[in-house]
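Fold and contact review
One-letter residues, chain by chain:
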Amino acid sequence: MTTPLQVTTARLRTPVTEHDHVRGPADAPVTIVEYGDFQCRFCGAAYPNLTEVLRQRADVVRLAYRHFPIANIHPYAESAAETAEAAAARGRFWEMYDWLFQHQDQLDPVHLSLGVEQIGLSPDEIAAEVGRQEYADRVRQDFVGGIRSGVNGTPTLFVNGVRHDGGYDLAELLTAVDAAADA
């Protein structure tokens, strides 16, 4: 006897809460959750498109970013994620997020310290906190939530809780957002 192949749609297992980093209106009808890695070139390619989706659909969509550093491939991904969390503790997550994606080829400790300074934070304080791994648990929580939701690479996007298996070019993202808004 054979069992028919059962195809299921991957769903977000960890709902968006006030603990997530969210950009866009809280009451937006569409939520995109991105599991990303600041050193991943594919996440870097998705970054300007997600930014543009937020601009073009400002009243319709919000973006929640969750860390999914793939440290065995990207040696600076975890420290970049922890640096973003240190910035978040000071209310500057999105400034650090933007800097990290705009300077993906400069995530080594020296350049990262310069980036922290460029967004107006103390590089020594942030480096000490990252050195003590004060934010490692937060990054790990995001990572584990991603695993539970079926994330196996970056970027992985969920649109209103359903995994978006399409591409991350602007046209495909706008189509996915519009379809979710009309659903």
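First, a word on what this report is: a plain description of the structure on this page. (Residues numbered from 1 in each chain as written. Predicted model: local features only at pLDDT ≥ 70, side-chain atom pairs only at ≥ 80, totals over all residues. Heavy atoms only, no water.)

Quick word on the overall build of the protein chain
Condition: Strands here mean DSSP runs of E at least two residues long; helices mean DSSP runs of H or I at least four residues long; both are numbered from the N terminus. Atoms counted for the radius of gyration: C-alpha only. Globule rule: 2.2 Å times residue count to the power 0.38. Here the Shrake-Rupley method, with its probe set to 1.4 Å, supplies the accessible areas, and only the displayed protein chains count as covering residues. His residues and chain termini do not enter the charge count, which takes Lys and Arg as positive and Asp and Glu as negative. Throughout, a charge is located at the NZ atom of Lys, the CZ atom of Arg, the CG atom of Asp or the CD atom of Glu.
In terms of helices and strands, the protein chain carries seven helices and five strands. When the elements of the protein chain are put in sequence order from the N terminus, they spell out β-β-α-β-α-α-α-α-α-β-β-α. Its C-alpha atoms give the protein chain a radius of gyration of 17 Å, near enough to 16 Å, the size a compact globule of 183 residues would have. Expressed along its principal axes, the backbone C-alpha trace of the protein chain runs to roughly 60 × 45 × 30 Å. Surface summary for the protein chain: the accessible area is close to 9500 Å², and the carbon and sulfur share equals 51%. Counting 15 positive and 26 negative side-chain charges, the protein chain places the centres of these two groups 5 Å from one another.

Examining the layout of surface pockets
Space left empty within the atom packing is revealed by a probe, the size of a water molecule, rolled over the atoms. Our working definition: Residues are said to line a cavity or pocket when one of their atoms sits within 4 Å of a point; the points come from a 1 Å grid over protein atoms alone, cavities being sets where a 1.4 Å probe fits but cannot get out and pockets being open sets with protein on both sides within 12 Å along at least five of seven lines. Grid points are joined across faces, edges and corners, and a volume is the space filled by probe spheres set on the points. Under the grouping applied here, Gly and all other residues not named as nonpolar or charged are polar, the nonpolar ones being Ala, Val, Leu, Ile, Met, Phe, Trp, Tyr, Cys and Pro and the charged ones Asp, Glu, Lys and Arg.
In this model, the largest pocket occupies a volume close to 180 Å³. Every residue along the wall of the largest pocket is listed here: Thr14, Pro15, Thr17, His19, Asp20, Tyr35, Arg66, Arg138, Gln141, Asp142 and Gly145. At four residues, the largest contribution of residues to the lining of the largest pocket is made by helix H6 (residues 136–148). Of the residues in the lining of the largest pocket, the class split is two nonpolar, five polar and four charged.

Comments concerning the pairing of strand S3 (residues 61–67)
Threshold: Burial here depends on accessible area, computed with a 1.4 Å probe over protein chains only, as a share of the maximum for the residue type. Under 20% is buried, over 50% is exposed, and the range in between is partly exposed. Following DSSP output, two strands are said to pair if at least two bridges run between them. The crossover handedness rule: strands pointing away from the viewer, path from first strand over the helix to second strand clockwise, crossover right-handed.
Summarising burial for S3: seven of the seven residues are buried, a large majority. Here S3 shows no split at all, with Val61, Leu63, Tyr65 and His67 on one side and Arg62, Ala64 and Arg66 on the other all buried. Pairing of strand S1 (residues 21–23) with S3, which is carried by three bridges, proceeds in the antiparallel orientation. Residue pairing in the sheet places arginine 23 in a bridge with leucine 63 of S3. The pairing of strand S2 (residues 30–36) with S3 spans seven bridges and is classified as parallel. Directly across from tyrosine 35, in S3, lies its bridge partner arginine 66. Where the polypeptide runs from S2 across helix H1 (residues 41–56) and back to S3, its parallel neighbour, the crossover connection is right-handed.

Structural notes on the side chain of histidine 74
What counts here: Residues adjacent in sequence count toward polar contacts only when both atoms are side-chain atoms; beyond that, a polar contact is any pair of N or O atoms within 3.5 Å, and within protein one must be able to donate a hydrogen and the other to accept it. In what follows, a contact means two residues having at least one pair of non-hydrogen atoms within 4.5 Å.
Position of histidine 74 relative to the elements: it lies in the loop between S3 and helix H2 (77–88). A distance of 2.7 Å separates the side chain of histidine 74 from the side chain of aspartate 37, its partner in a polar contact. Apart from the residues lying within four places of it in its own chain, the contact partners of histidine 74 are Asp37, Gln39 and Cys40.

Description of the pairing of S2
By the criterion of burial, S2 is predominantly enclosed, with seven of the seven residues buried. Residues Val30, Ile32, Glu34 and Gly36 line one face of S2 and the alternating positions Thr31, Val33 and Tyr35 line the opposite face, and both faces are buried. Pairing geometry for S2 and strand S4 (residues 156–159), over four bridges, is antiparallel. Residue pairing for S4: tyrosine 35 is matched across the bridge by threonine 156.

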